[in-house]
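The primary structure of each chain is shown beneath.
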Amino acid sequence: KMKRLYRLINVIVLLPLLMGMSNLGGESPARIPVPEKKFKAAFIDQTDTYTDVSEASIDGHAFLAGKKGEGNYTVAFENIHYIDYLMKNDILIAQIHMRDGAVLSLAVKKNSHAFGKTSYGTFQIRLADLKRMTILGPQK
């Protein structure tokens, strides 16, 4: 009788912990953040693999955030033509090519993720694994 009680207590205590591990600490690829403003984008990763997406975002937002000097910047997707990503001294640099022809370089978080939806499912990639992100335009 005592063994049964001990097993029952273990199940009651461990079940919530095991259920919490179902996501294994990461975001499920089936669920991606959906930005308020929706854009189409094309990604080229470090292996030159090309991926078109809708509902593109960076960490769920339709802008890129980064630092230049001591200042914090956010650049809206509306203003971006494409972004080249370069790793320099373990710092990820986003070289942003604006639609008006200007170029802005920002240090960005290399563990941030880009997200989107493809015709066959969801897509996510770390910014550090990207070579280029092109904003194709707003979704209608």
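Structure: above.
Summary of the structure given here. As the structure is a computational prediction, the values presented were derived from the model and not from experiment. (Residues numbered from 1 in each chain as written. Predicted model: local features only at pLDDT ≥ 70, side-chain atom pairs only at ≥ 80, totals over all residues. Heavy atoms only, no water.)

1. Thoughts on the pattern of salt bridges
So, point 1. Scanning the model with the defined rule gives seven salt bridges in all.
So, point 2. The salt bridge involving K110 is made with D90; its shortest N-O contact spans 2.7 Å. Taken together, the residues K110 in the loop between β7 (103–108) and β8 (113–118) and D90 in the loop between β5 (80–88) and β6 (91–98) connect sequence positions 20 residues apart.
So, point 3. The structure contains a network of salt bridges with shared partners spanning K38, E55 and K117. (Salt bridge = Lys/Arg side-chain N within 4 Å of Asp/Glu carboxyl O. Helix = DSSP H or I, 4+ residues; strand = E, 2+ residues; numbered from the N terminus.)

2. Description of the packing of aromatic side chains
So, point 1. Evaluated as defined, the whole model comprises two aromatic pairs.
So, point 2. Centre to centre, the rings of F39 and F77 are 5.7 Å apart; their planes meet at 80 degrees, and the pair counts as edge-to-face. Highlighted residues: F39 in strand β1 (residues 39–45) and F77 in the loop between β4 (71–76) and β5, separated in sequence by 38 residues.
So, point 3. According to the relative accessible area criterion, F39 is buried, its value standing at 4%. (Phe/Tyr/Trp six-rings, centres within 6.5 Å; stacked < 30°, edge-to-face > 60°. Buried < 20%, exposed > 50% of the residue type's maximum accessible area, 1.4 Å probe, protein only.)

3. Concerning the environment of K140
So, point 1. Relative to the helices and strands, K140 resides in the segment after β10 (130–138).
So, point 2. On a C-alpha basis, the gap between K140 and K40 in space is 9.7 Å, while along the polypeptide they are 100 residues apart.

4. Brief notes about the layout of surface pockets
Rolling a probe over the atoms, with the probe sized like a water molecule, indicates the empty space that remains.
So, point 1. Reported here for the largest pocket is a volume of approximately 240 Å³.
So, point 2. Every residue lining the largest pocket is counted, 14 residues in all, and those nearest its centre are A65, G66, V108, K109 and S112.
So, point 3. For the lining of the largest pocket, the elements supplying multiple residues, two or more each, are β3 (63–68) and β7.
So, point 4. Among the elements that make up the lining of the largest pocket, the one with the highest residue count is β3 (five residues).
So, point 5. Its residues assigned to classes, the lining of the largest pocket shows seven nonpolar, four polar and three charged. (1 Å grid on protein atoms, 1.4 Å probe; cavity = no way out; pocket = protein on both sides within 12 Å on 5 of 7 lines; lining within 4 Å. Points joined across faces, edges and corners; volume = space filled by probe spheres on them. Nonpolar A, V, L, I, M, F, W, Y, C, P; charged D, E, K, R; others polar.)

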